[in-house]
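Listed below, chain by chain, are the residues.
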Amino acid sequence: MKKIEKPRGTRDFSIGDMEKREYSERIISEIFENYGYRKIQTPTFEYAELFQLKSGEEIQKHMYVFEDKKGRRLCLRPEATASVCRMFSEKLRSLPRPIKLYYHGPMFRYEEPQKGRYREFWHLGLELIGPSGPESDAEVISIAYESLRRLGLEFKIEIGHLGIIRGLLKDLGIKEDIQNKIIASIDKGDIEGLKKLIRDGLLFDLIKLKGDKGVIDKANSLLGDHEKSIKALNELREIISLLDLMKLEYSLNLGIVRGLDYYTGMVFEIRVKELGAQDQICGGGRYDELIGLFSGISVPAVGFAFGFDRVMEAMELQGIEIPKKQVDAVVAPVSKEVRNDALKIASELRKNFIVDFDLMNRKLGKILEYASDIDARYVVIVGKRDLENDKVTVRDMKSGEQKIVEIKRIEDILKSDK
Ligand code: HAM
């Protein structure tokens with residue numbers, strides 16, 4: 001025998017895990033759909049070039065890149081935003097705008113696996129393509145907020161604006177590739193690295209600004225006549241006034257820059273403190289120049305992705321239970337000669353209930369044990385004598401009580417407990 005293990009950084013999801021994952025996906029997708037977003041799917045592998053144009057060094061360093069049999073350079077997708085932009089240029093450009101899309105699927109990054117960080121992980125994300133005003137930024141933030149609230153999670157949203165920093169860097173005459181390096185250092189919290197790239201003290205003061213709305217006024221006085229940055233700051237002011245209107249709780253953090261190069265405006269991150277080092281469960285923001293890169297037409301867009309695995313871990317750590325899926329009844333034929341009748345009863349009940357049928361040819365005692373192990377609510381015992389009178393015996397697995405009932409009345413009993 002040769003034991004083959006799963007690759008590092010991947011996981012198997014068992015029955016209970018999948019129940020929780022699907023429940024949470026359903027709750028979140030329902031909220032996305034309530035706002036008019038529709039589900040799409042893009043390939044799990046793409047041309048590597050797609051993510052080389054604008055995703056940034058950090059992502060590229062962690063990409064799974066390989067050649068196919070014809071020598072094409074492909075990669076497992078590390079994220080989906082670039083794929084959605086590619087899809088826009090091929091398929092979506094003539095749709096009425098705004099275009100509201102969401103997706104759920106595996107992403108791949110060759111990172112050092114640890115709790116909350118995997119090589120295969122899931123994004124549940126959305127992209128809003130077309131509008132550029134603060135209302136669209138506020139909508140996207142509020143969807144993320146509402147989704148997590150609906151799951152019952154406690155979390156913190158931090159909002160920043162990349163236009164403030166980029167505006168300043170442009171005024172200082174810093175080229176885009178160096179800007180990206182500066183932004184990557186800020187993202188990693190690498191202050192020493194940052195000092196090597198830029199000396200201007202204003203940037204260091206700006207990225208330290210965190211807290212409530214007072215941050216805006218402080219930044220305003222720091223920025224003086226840096227017009228582009230002031231414009232971005234005013235945009236941020238408008239976004240948060242809309243969030244106030246919707247009664248969302250958030251804090252500002254002008255040091256949030258995100259680890260991807262394509263962001264141009266509002267950026268936000270959501271954290272759950274119980275998760276420790278990998279506490280960021282969501283990241284997103286505005287990326288007004290990415291679509292233009294693939295389609296030649298400039299179209300603004302904003303979006304975010306939940307790190308779905310971290311959302312699930314946060315729920316676990318915060319003790320959030322999901323409604324359990326219970327088998328309503330196990331149908332148990334007592335002897336061989338009634339198996340076909342029992343199967344007919346099971347088929348009929350399955351139109352409205354979750355019903356298991358004994359496929360192992362076990363004795364009644366063993367079937368009852370099995371029903372108790374899987375936590376089934378009832379066992380429908382089908383015996384020859386009952387059947388002759390169109391009846392069966394229904395055993396309540398909670399109380400242990402048994403009742404002889406007409407076949408057509410089984411549903412009433414099963415229903416009474418729903
Ligand atoms: P991101 O911040 O790179 O953004 O990924 C989003 C979320 O995925 C993170 O906040 C984190 O929760 C989760 N995540 C990232 N890497 C891992 C990993 N190795 N294991 C487990 N979870 C992970 C994006 O990818 C953007 N596409 C989001 C976006 C959509 N921006 C605009 N639209």
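First, a word on what this report is: a plain description of the structure on this page. Keep in mind it's a predicted model, so treat the numbers as computed, not measured. (Residues numbered from 1 in each chain as written. Predicted model: local features only at pLDDT ≥ 70, side-chain atom pairs only at ≥ 80, totals over all residues. Heavy atoms only, no water.)

1. Looking at the overall build of the protein chain
Here's step 1: Tallying secondary structure elements over the protein chain gives 16 helices and 17 strands in all.
Here's step 2: Taken over the C-alpha trace, the protein chain has a radius of gyration of 28 Å; the compact-globule value for 418 residues is 22 Å, which it surpasses by more than 25%.
Here's step 3: Reported as C-alpha extents along the three principal axes, the dimensions of the protein chain are approximately 90 × 55 × 45 Å.
Here's step 4: A burial count over the protein chain gives 51% of its 418 residues as buried.
Here's step 5: Of the contacts formed within the protein chain by residues at least 6 apart in sequence, a portion of 67% connects residues at least 24 apart.
Here's step 6: Only carbon and sulfur atoms are counted for the fraction: they give 49% of the accessible area of the protein chain, which is about 21800 Å².
Here's step 7: The positive charge centre, built from 71 side chains, and the negative charge centre, built from 70, are 3 Å apart in the protein chain. (Helix = DSSP H or I, 4+ residues; strand = E, 2+ residues; numbered from the N terminus. Rg over C-alpha atoms; globule rule 2.2 N^0.38 Å. Buried < 20%, exposed > 50% of the residue type's maximum accessible area, 1.4 Å probe, protein only. Contact = heavy atoms within 4.5 Å. Areas by Shrake-Rupley, 256 points an atom, 1.4 Å probe, with all protein chains shown as cover. Lys, Arg positive; Asp, Glu negative; His and termini not counted. Charge placed at Lys NZ, Arg CZ, Asp CG, Glu CD.)

2. Focus: the nonpolar core
Here's step 1: The biggest cluster of nonpolar side chains holds 103 residues, and the ones touching the most others in it are Phe32, Ile159, Leu203, Phe268, Phe304 and Phe306.
Here's step 2: Here this core takes 8 residues from helix H4 (residues 134-151), the largest share from any one element.
Here's step 3: Grouped together as the second largest cluster of nonpolar side chains are 20 residues, Ala329, Ala346, Val392 and Val394 included. (Core = buried A, V, L, I, M, F, W, Y, C linked by side-chain atoms within 4.5 Å.)

3. A short note on the site of the ligand
Here's step 1: Taken together, 27 residues lie around the ligand, and Glu79, Glu111, Arg258, Tyr263 and Gln280 are the ones closest in.
Here's step 2: Tyr263 is positioned with one of its side-chain polar atoms (N or O) 2.6 Å from a nitrogen atom of the ligand.
Here's step 3: When the free accessible area of the ligand is taken as 660 Å², the share hidden by the protein chains comes to 96%.
Here's step 4: Secondary structure elements with two or more residues in the shell around the ligand: strand S6 (120-129), strand S11 (280-286) and strand S12 (301-307).
Here's step 5: With 6 residues, the single largest contributor to the shell around the ligand is S11.
Here's step 6: In terms of residue class, the shell around the ligand is built from 11 nonpolar, 9 polar and 7 charged. (Near = heavy atom within 4 Å. Polar contact = N/O pair within 3.5 Å; in protein donor to acceptor, adjacent residues only side chain to side chain. Nonpolar A, V, L, I, M, F, W, Y, C, P; charged D, E, K, R; others polar.)

4. Focus: the sheet that holds strand S4 (residues 73-76)
The pairing of strands in a sheet happens through backbone hydrogen bonds and is either parallel or antiparallel.
Here's step 1: Read from one edge of the open sheet, 3 strands run S2-S4-S3, paired in antiparallel fashion. Strand pairing shows two members of the sheet lacking a second neighbour, strand S2 (45-47) and strand S3 (64-67), which therefore form its edges. Taking the axes of each pair of neighbouring strands and ignoring which way they run, one obtains an average angle of 35 degrees across the sheet.
Here's step 2: Here S2 pairs with S4 via 3 bridges, running antiparallel. Paired with Phe45 across the bridge in S4 is Leu76. (Pairing = 2+ DSSP bridges. Axes fitted to C-alpha atoms, helices over the stretch in contact; angles between N-to-C directions.)

5. A word on the environment of Arg86
Here's step 1: On the secondary structure map, Arg86 appears in helix H3 (residues 81-92).
Here's step 2: The sequence separation of Arg86 and Arg97 amounts to 11 residues, and the corresponding C-alpha distance is 17 Å.
Here's step 3: With near-sequence residues (within four places) excluded, Arg86 lies in contact with Thr42, Pro43, Glu46, Leu50 and Phe294.
Here's step 4: Among the polar contacts listed, one links the side chain of Arg86 to the side chain of Glu46, at a separation of 2.8 Å.

6. Quick look at unusual backbone geometry
Here's step 1: Going from Arg97 to Pro98, the amide bond is cis rather than trans, its omega being 5 degrees.
Here's step 2: Relative to the elements of secondary structure, Pro98 occurs in the loop between H3 and strand S5 (99-108).
Here's step 3: Its identity is not glycine, yet Lys247 carries a phi of approximately 60 degrees, on the positive side.
Here's step 4: Not every positive phi belongs to a glycine, and Asn361 is a case in point at roughly 55 degrees.

7. Points about the environment of Met87
Here's step 1: Looking at the element boundaries, Met87 is found in helix H3.
Here's step 2: Once the C-alpha coordinates of Met87 and Ile367 are considered, the two residues, 280 residues apart in sequence, prove to be 52 Å apart.
Here's step 3: Apart from residues no more than four positions distant in its own chain, Met87 is found in contact with Ile40, Thr42 and Leu92.

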